[in-house]
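# A closer look at the structure
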Amino acid sequence: MPDRGGQGFRPRVGPPSRRAKVLLLTVGVLVLLFLGFVLFAGLWTDWLWFKSVHYSRVFSTELRTKVALFAVFGLAMAVATGVNIWVAHRLRPPLAAMSVEQQSLDRYRMGVAPFRKWLLIGISLLVGLIAGSAAAGQWRLWLLWTNATDFGVKDSQFHLDVAFYAFDLPWYEFLLGFAFSAVVVSLIAGALVHYLYGGLRLQGPGRRATAGAQGHLAVLLGLFVLLKAVAYWLDRYALAVKTASYKGVPGYTGLRYVDANAFLPAKTILFCVAIICALLFFLTPIRRTWAPALIGFGLMALSAVLIGGLYPTIVQQFQVKPNEQAKETPYLKQNIDATRQAYGIAGSQSQVYSPNGAAAASAVQQDSQTISDIRLLDPNLVSPTFQQMEQQRSYYGFPATLDVDRYSGATAGPNGTPGVQDTVIGVRELNPNGVQQHNWINDHFKYTHGFGVVAAKGNQVNSNGQPVFTESGLPTTGDLGDYQQRIYYGENTNTYSIVGGSNHEIDNTADGGAQTYQYSGDSGVSLNNPITRAAYAVKFDEPQILYSGAITTGAKVLYDRTPQERVAKVAPWLTIDGDPYPVVQNGQLTWVLDGYTTSDGYPFASKTTLGDATKDSLSNQRGQVVGDAGQVNYIRNSVKATVDAFTGKVTLYQWDAGDPVLKTWMKAFPGTVQPTSAIPAALLPHLRYPQDLFKVQRDLLGMYHMTDPTAFFNGTDIWQVPADPTNSGNQAQPPYYLTLRMPDMAAATFSLNSTFVPSGRPNLAALMSVDSDPGPDYGKIRILTVPSDSNTPGPSQVQAKFNSDSVVASQITLLKNGSDANLDYGNLLTLPVGGGFLNVEPVYVKGSGSSYPVLQKVLAVYGNDNVGFENNLGAALTDALGTAPGATGVLPAGGGTSTVGSTTPPATGGGGGTGGTGGTGGGGTGGGTVDPALKQALAAAQKAETDSQNAMKAGDWAAYGTAQKALQDALNAAAAAAQKDTGGPAAPPLPTAPAPTGTPSASASP
């Protein structure tokens, strides 16, 4: 075909056909319906979850607040933007000046004209949606402001209650920021409309702005400057919570001399200047000239530079620096006092502790309970041992770090009576990685729960260096009694499960075959409704939920199953401690979590970042606190929360009744927190001081133990948390739970403990301990300050002393080479004993053919020179202390009992018996008559054993040592007499009996 006009034929493109329009419309509607259902599914499933845990009021309050803020602030921004666009259009000149600029804008004006109304609505709605979404995220600020509770404490500068800074000021700053945004958006939108319609010109002769545009923009600029005046006024109060690095404290907060004497008056002057400047802008439409307003604005900017910037610099340089200490002392005192109060360390008690280099028996006697409860079982190392010995099935597992609690044992007290003992406990949770056949049914219908807890004595191991279990087996049996052992909610339960209906889950699998179970707990969301099933199919991105025949009537879905997730959802205003721990009580297995209320608005209190302050060498194993990104300068352990491991029930208990932040949240969410009196009596003894709070407090105490502003200013005694000597990562040493007695205490108590070293030095500076037993002294912080000239070794020096000791080094070499083993050093415990510091560290050995470590040696050091490295704690303490301390539960030196110190005289007349731990069984004498010398030696041995036990119970270590020597002599005499009676060679002396346990052991009978 010929080319017409040099161009080929173009196909005519007409409007789309009716069928195409219907198809496009259908697709559009389906997309909108799908998006709408996705949004509905999220809200609907959240509502059902909150309803299932009986916290629907939390969901409704939060949702209602978000919707209200979205609507109010979104509408306000949309109206402000729309009105200013409409005003700018109404003030347009009737005729645009003839210029190249205006001619080029004509085509845009013509293009906009048909859609002017829709553009106005669309732009206003878009801006409103953005602003409303941002405002909805501030729902916490709104609830805090509307439910504010006074602290009853006023700041020292403005004499306002702390509640103003914690609750009011943040809300006012948000309102101010929103108003600034509304004015700026309106100013930009108005200027663009004025330019588009000729009200503003960038080129051409004559006025650049019409009278209407000038007046409109002048009013908006006046509002902006007026808001700046309000900002200057609020900045005065913000100085009390202003953060800057000062004197080695990165989050130092509060006014300093230059703030109070330069910035504060400067802000007041700038406030007045801004008010005057705003009035000049408001007069511009009347005077029809920009000159006064622009001059005023220029003067305000100049004032900001001179008064707000240069003047404070001059004050700092010429008034503060020549005599900085004197000038800053009052403000440092304010910061010190406020920081100690805000972090709960104001009541910490400090005493000078000059450690002894050698331990006297009378001094050690006072710390007999501390010694008897030394924890050899390291919860951070023995998880593989629990896994190997108590996993039972491949689809079970234990957490990498176990927990320490207190339980009554069958033989934990004196004379074998029941008593409370430190216990290492771990939960046997479901481990999906151990399931052999993975498919949707197995993963979500069959393997749904773990089974039981395993517990072991913290201060004992058996003859093989393995834990002495007080609760073990599958199902578990032991000292904890009967309880619901099925675990549907746990730390590692991260997937959803569908239970109930006709579903039979894999339960406790016996050797005879698999057993099944049907969930009977009051938990989960029913899947009987098809719409609910569809919603969960969208939520979990699993279409089989919608149509699978495995889901029958009565089926329920369990999800959000970790304790942290559940508590964080029902109490979104709490910060959750990173270490939930299990408690068996009242026939239930319960997770206990510590909840913190925090604020960043406590005046003069220095700020800290929770995530940084709580990091240590175990952070990767244990996890971090929830919501650890922001800075805080007020924290309270205000809530104890529990999650039932079987039903998932969440309960919040008020723990700090005086916390104003908690009171504020309880007003916002009434009925969600139970009073302290509602805590079950069986649960109360298991509550403990939380680790993350303790680590935040010790981080602050490194600097804020100095209450004298002069010492604080000079930094003469800064402490730091030592690096973990058993870990190569150079991370902070973790704190440890332990039963011990501080020097000013009458008896030992369950405590959380940590050490300090001087900044940049390795020697010990202090020991910090907080009472962790619920009672009158709960939460009391005690600090033993070590004189700087004592040269007391710190953790790294103690570890170096262990490693450099010739005897220790040779035995470690033998351990490594003899079994081709790896050595793991357990927790290094620093204890105040006998007027000095005793350091104890268990040494675990993992052979080349073993998958778990066993305790093989115990290291102990007292003072600077006394080092013990033995097979058991008793022997190591004897070497370190120079006296037998009567330690319990240590690694046996000899035959097969799980405790140390029970020695039985050699048997006669029968086969060779197995001796106690440290004693040996004598050979039989053939069943004839007993030699008188042997009989006399046996009687002496029995008397010496009785005397040893009595002395140990009385804490009389001198008498105990005498009795042990008599026992040794009697055993040697008995062995010699037995050999003489049989005609054999003289027997070598029997090994020295280690320190007693205070508990009976199953040694051989005479």
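Now for a look at the structure at hand. Given the structure is predicted, the values throughout are model-derived calculations rather than measurements.

### Some remarks on the side chain of Thr830
As for its position among the elements, Thr830 is in strand S30 (residues 829–833). Separated by 2.8 Å, the side chains of Thr830 and Asn839 make a polar contact.

### Things to note about the packing of helix H1 (residues 18–52) against helix H17 (residues 563–570)
Following both chains from N to C, one finds H1 and H17 inclined at 100°, their axes separated by 11 Å at the closest point. On the basis of their axis angle, the class for H1 and H17 is roughly perpendicular. On the side of H1, the interface is formed by Asp46, Trp49 and Phe50, while H17 contributes Arg566, Lys569 and Val570. For the contact of H1 with H17, the residue count by class is 3 nonpolar, no polar and 3 charged.

### Some words on the pattern of salt bridges
The tally for this structure, following the rule as stated, stands at 20 salt bridges. Between Asp403 and Arg688 there is a salt bridge, with its nearest N and O atoms 3.8 Å apart. One end of the pair, Asp403, is in strand S3 (residues 403–409); the other, Arg688, is in the loop between strand S23 (673–674) and helix H21 (691–704), with 285 residues separating them in the sequence. Arg688 shares its class with Asp403; the two are buried. Where Lys569 meets Asp560, a salt bridge forms, and the shortest distance between an N and an O atom there is 2.7 Å.

### Thoughts on unusual backbone geometry
Residues Leu474 and Pro475 are joined by a peptide bond in cis, for which omega reads -10°. The topology assignment puts Pro475 in the loop between strand S8 (467–472) and strand S9 (477–478). The phi angle at Lys247 is positive, at roughly 55°, despite the residue not being glycine. Among the secondary structure elements, Lys247 is positioned in the loop between helix H7 (211–238) and helix H8 (257–287). In this model, Asp541 sits at a positive phi of 55°, which is unusual for a non-glycine residue. Its place among the elements puts Asp541 in the loop between helix H15 (530–539) and helix H16 (544–547).

### Considerations on the environment of Leu474
On the secondary structure map, Leu474 appears in the loop between S8 and S9. Taking the C-alpha atoms as reference points, Leu474 and Gln392, separated by 82 residues in sequence, lie 7.2 Å from one another.

### Considering the pairing of strand S31 (residues 836–846)
Most of S31 sits out of view: 10 of its 11 residues are buried. Of the strand pairs in this sheet, strand S29 (residues 822–825) and S31 are connected by 4 bridges, and their pairing is antiparallel. The residue of S31 that forms the bridge with Tyr825 is Val843. As paired strands, S30 and S31 are joined by 5 bridges and run antiparallel to one another. Across the sheet, Val833 pairs through a bridge with Gly836, a residue of S31. As paired elements, S31 and strand S32 (residues 854–862) share 8 bridges and run antiparallel to each other.

### Describing the sheet that holds strand S15 (residues 555–558)
In spatial order, the strands read S11-S15-S14; together these 3 strands make up an open sheet with antiparallel pairing. Edge positions in the open sheet fall to strand S11 (497–500) and strand S14 (525–526), since each of these has one partner strand only. Bridging between S14 and S15 involves 2 bridges; their strand directions are antiparallel. The residue of S15 that forms the bridge with Ser526 is Lys556.

### Quick look at a nonpolar patch on the surface
Taken together, the side chains of Leu23, Val27, Val31, Leu32, Phe34, Leu35, Val38 and Val538 present a nonpolar region at the surface, about 720 Å² in accessible area. Among the elements that make up the nonpolar patch, the one with the highest residue count is H1 (7 residues).

### A word on the packing of helix H2 (residues 56–90) against helix H5 (residues 139–146)
The interhelical angle for the contact between H2 and H5, taken along N-to-C directions, is 100°, at an axis separation of 9 Å. One finds that H2 runs roughly perpendicular with respect to H5. Every residue of H5 that contacts H2 at Glu62, Thr65, Lys66 and Leu69 is listed here: Trp139, Trp142 and Leu143. Residues that form the contact of H2 with H5 fall into these classes: 4 nonpolar, 1 polar and 2 charged.

### Things to note about the packing of aromatic side chains
This model, assessed by the stated rule, comprises 47 aromatic pairs. Taking the centre distance of 6.4 Å and the plane angle of 80° together, the rings of Trp233 and Tyr237 count as edge-to-face. Of the two residues, Trp233 and Tyr237 are both situated in helix H7; the distance of 4 residues between them amounts to about one turn of the helix. With a relative accessible area of 33%, Trp233 lands in the partly exposed category. Geometrically, the ring pair formed by Trp665 and Phe669 is stacked, given 6.2 Å between the ring centres and 25° between the ring planes. Neither residue differs from the other here; Trp665 and Phe669 are each classed as buried.

About the criteria used
Residues numbered from 1 in each chain as written. Predicted model: local features only at pLDDT ≥ 70, side-chain atom pairs only at ≥ 80, totals over all residues. Heavy atoms only, no water. Helix = DSSP H or I, 4+ residues; strand = E, 2+ residues; numbered from the N terminus. Polar contact = N/O pair within 3.5 Å; in protein donor to acceptor, adjacent residues only side chain to side chain. Axes fitted to C-alpha atoms, helices over the stretch in contact; angles between N-to-C directions. Parallel < 35°, antiparallel > 145°, perpendicular 65-115°, else oblique. Contact = heavy atoms within 4.5 Å. Nonpolar A, V, L, I, M, F, W, Y, C, P; charged D, E, K, R; others polar. Salt bridge = Lys/Arg side-chain N within 4 Å of Asp/Glu carboxyl O. Buried < 20%, exposed > 50% of the residue type's maximum accessible area, 1.4 Å probe, protein only. Pairing = 2+ DSSP bridges. Patch = residues over 30% accessible without salt bridge, like charges linked within 9 Å, V, L, I, M, F, W, Y side chains within 5 Å. Areas by Shrake-Rupley, 256 points an atom, 1.4 Å probe, with all protein chains shown as cover. Phe/Tyr/Trp six-rings, centres within 6.5 Å; stacked < 30°, edge-to-face > 60°.

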